[in-house]
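Chain and residue survey
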Amino acid sequence: MHKKWQEFDNIKTPESWIEETLKQTKKTKHLYVNHHLILTMLTIFCLVFGSIGVIYATNPTFREWLSSLFSKENVQQNTILEDNEKYGLEDIFLYIYKDEEMITKVYTYKENDFVKKEIQHFNGQFNHQDYTFDYVIEKDRILSFHHTGVILKTYAPIFHNKVYVWLTNSNKNNLGILDLKTQQITQITNDDISVNSIVSPQGEYILINKNDQYWSVYDRVNQKESRVNDIYPYAHSNEVNFIDESHVVTYGEEGNTIIIDLKTGKVKKYDVQTLDTTVIYLDVNKNGKSYLRNILNDNSYELKDNFIESYGLRTYGGRFLFFQDNKMFSIYDINNNKITEINSLDFNIEEISQLDEHHILFGQEEQIYVVEIKK
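Counting of residues starts from 1 at the beginning of each chain's written sequence and follows it residue by residue. The model is predicted, so local features are restricted to residues of pLDDT at least 70 and side-chain atom pairs to those at 80 or more, both for listing and for counting; the totals for chains, interfaces and linings are taken over all residues. Based on all heavy atoms of the structure, the side-chain values leave hydrogens and waters out of the count.

**Details of the overall build of the protein chain**
Definition in use: Every helix listed is a DSSP run of H or I at least four residues long, and every strand listed is a run of E at least two residues long, numbered separately from the N terminus. Any two residues whose heavy atoms approach within 4.5 Å at even a single point are treated as in contact. The Shrake-Rupley method, run with a 1.4 Å probe sphere, supplies the accessible areas, and residue values consider only the shown protein chains as cover.
Each helix and strand counted, the protein chain has 2 helices and 33 strands in total. In the protein chain, once contacts between residues fewer than 6 apart in sequence are set aside, the share between residues at least 24 apart is 44%. As displayed, the protein chain offers around 18,200 Å² of accessible surface, 43% of which is attributable to carbon and sulfur atoms.

Quick look at the structure:
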């Protein structure tokens, strides 16, 4: 599925590191990776609402859960898929395709509706090598696809009309900065082993894996690349996460949690493993009580008995933890230290993605639900 967008994580994690502190936890990729659902029709329900909003849901249990978190008002319904079309999510973009290599339409979410974007074409030369790609821009985000030539991938966000690009030529991989106005590319690494990059929310820092040998960070403001020794060389991209513009959470070889301040170089290590590169960890005391605890502050939440016996764990943007098995779906709001549960589910949440600063998208079977979070 769109191989050119994959994270290229051909990295093997040592078996001793794979062991989870929670035996039946199913660790998933970050929710910014691509998921493709085979559908014949996509129906989108969205609302017009105030500072807090909720989607409309036909499933009563789902509707009751959403209503307990948000308030609902008007509903809109849009069908944007035709026969034999499928959809995927990348960052804030919803794209439509008919086969694995050809994207035909791209949408963004604006003013409580999905808006079709014009697909543009970009071409140029770097070191006497041609490159082309198609792309869509929304604010400071870019989605590029149909790449040919030396540019393999672009990385949001856009800054000063520029964007980070993955450069590849004869198995040599480097990172560059592409000026979208002048087409000029400035190469910022020259080691030929720069892969698996992760960009901070505003693009001030970009972490770069050096072909499993080590990680580095490029400081855009100071135009300087430095080695980061406290990120495990074999760490996958979903095992390293920016929790703000300059702080990164990752794991050590023994499973402990590490928070790195890229601005100062200071490192803090914690003798616990947080859940899915968030700042939350599970604490079970000697009496068998289970708590979700925040390693950065004193917030904790006591869980019901047997809550963590079996679940699948997913996260959204470092703010929400989602727990789901065949009987229960629960969402933990990290910022507000609150959990909401639903029992007896008859559906699965298959997609979670960020549309913009205030909207989350939930994909469920043949429907998409858009939730506005509190501003």
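On we go from here.
**Things to note about the pairing of strand S9 (residues 120–126)**
Applied cut-off: Only when DSSP finds a minimum of two bridges between them are two strands counted as paired.
Pairing of S9 with strand S10 (residues 129–138) involves 7 bridges; the strand directions are antiparallel. Within the sheet, the bridge partner assigned to histidine 121 lies in S10 and is aspartate 134. The turn joining S9 and S10, which pair antiparallel and follow one another in sequence, is formed by 2 residues; a positive phi near 50° is taken by asparagine 127.

**A short note on the sheet that holds strand S19 (residues 224–228)**
Inclusion rule: Lines fitted to the C-alpha atoms define the axes, with helices restricted to the stretch that makes contact. Angles between their N-to-C directions range from 0 to 180 degrees.
Taken in spatial order, the 4 strands line up as S16-S17-S18-S19 in an open sheet, and their pairing is antiparallel. Of all strands in the sheet, those with a lone pairing partner are strand S16 (194–199) and S19, marking the two edges. Across the sheet, the mean angle separating the axes of adjacent strands is 30° when strand polarity is ignored. Pairing of strand S18 (residues 215–219) with S19 involves 5 bridges; the strand directions are antiparallel. By the bridge assignment for S19, aspartate 219 is matched with lysine 224.

**So, the pairing of strand S5 (residues 86–90)**
Just so we agree on the cut-off: Note on exposure labels: buried denotes an accessible area under 20% of the residue type's maximum, exposed denotes more than 50%, and partly exposed covers the range between, all computed with a 1.4 Å probe on protein chains only.
In terms of burial, S5 is largely enclosed, as 4 of its 5 residues are buried. With 5 bridges connecting them, S5 and strand S6 (residues 93–97) associate as antiparallel partners. Looking at the pairing, leucine 89 lines up with leucine 94 of S6. The antiparallel hairpin formed by S5 and S6 contains 2 residues in its connecting segment, where aspartate 91 sits at a positive phi of about 60°.

**Focus on the sheet that holds strand S13 (residues 162–169)**
On the basis of which strands lie adjacent, the open sheet formed by 4 strands has the order S12-S13-S14-S15 and antiparallel pairing. Each having just a single partner strand, strand S12 (151–159) and strand S15 (185–187) make up the two edges of the open sheet. When the angles between neighbouring strand axes are averaged without regard to direction, this sheet yields 30°. Judged from the 5 bridges that link them, S12 and S13 form a sheet pairing that is antiparallel. When the bridges of S13 are listed, isoleucine 151 appears paired with leucine 167.

**A closer look at the packing of aromatic side chains**
As a reminder, the rule being used: Any two rings among Phe, Tyr and Trp, with Trp reduced to its six-membered ring, count as a pair given centres within 6.5 Å; such a pair is stacked if its planes are under 30 degrees apart, edge-to-face if over 60, and tilted if neither. Both a distance and an angle decide whether a charge sits over a ring: NZ of Lys or CZ of Arg must be within 6 Å of the ring centre and within 35 degrees of the ring normal.
Taken as a whole and assessed by the stated rule, the structure comprises 9 aromatic pairs. Aromatic pair phenylalanine 159 and tyrosine 164: ring centres 5.1 Å apart, planes at 50°, arrangement tilted. With relative accessibility at 0%, the residue tyrosine 164 sits in the buried group. A cation sits over an aromatic face here: arginine 220 above phenylalanine 159, 4.2 Å from the ring centre. Over the ring of tyrosine 214 we find arginine 227; its NZ or CZ atom is 4.1 Å from the centre of that ring.

**Structural notes on the nonpolar core**
Spelled out, the test is: For our purposes a nonpolar core is just a set of buried Ala, Val, Leu, Ile, Met, Phe, Trp, Tyr and Cys residues, chained together by side-chain atoms within 4.5 Å.
Formed by 16 residues in total, the largest nonpolar core has its most connected members in Phe122, Tyr131, Phe133, Ile151, Leu178 and Ile185. For this core, the elements supplying multiple residues, two or more each, are S9, S10, S12 and S13. Setting aside chain neighbours within four positions, we find leucine 178 in contact with Phe122, Tyr131, Phe133, Ile151, Asn161, Lys162, Val163, Val165, Gln183, Gln184 and Ile185.

**Some details on the confidence of the model for the protein chain**
To keep it simple, the criterion reads: For every residue, the predictor assigns a confidence score, pLDDT, that lies between 0 and 100.
Confidence in the prediction of the protein chain, expressed as mean pLDDT, is 75, and 65% of residues score 70 or more. This stretch, residues 1–60, has a pLDDT under 50; its non-local contacts, to residues over four places away or in other chains, come to 222 contacts. Low pLDDT, under 50, characterises residues 65–78; the stretch is placed with 54 contacts to residues that sit more than four places away or in other chains.

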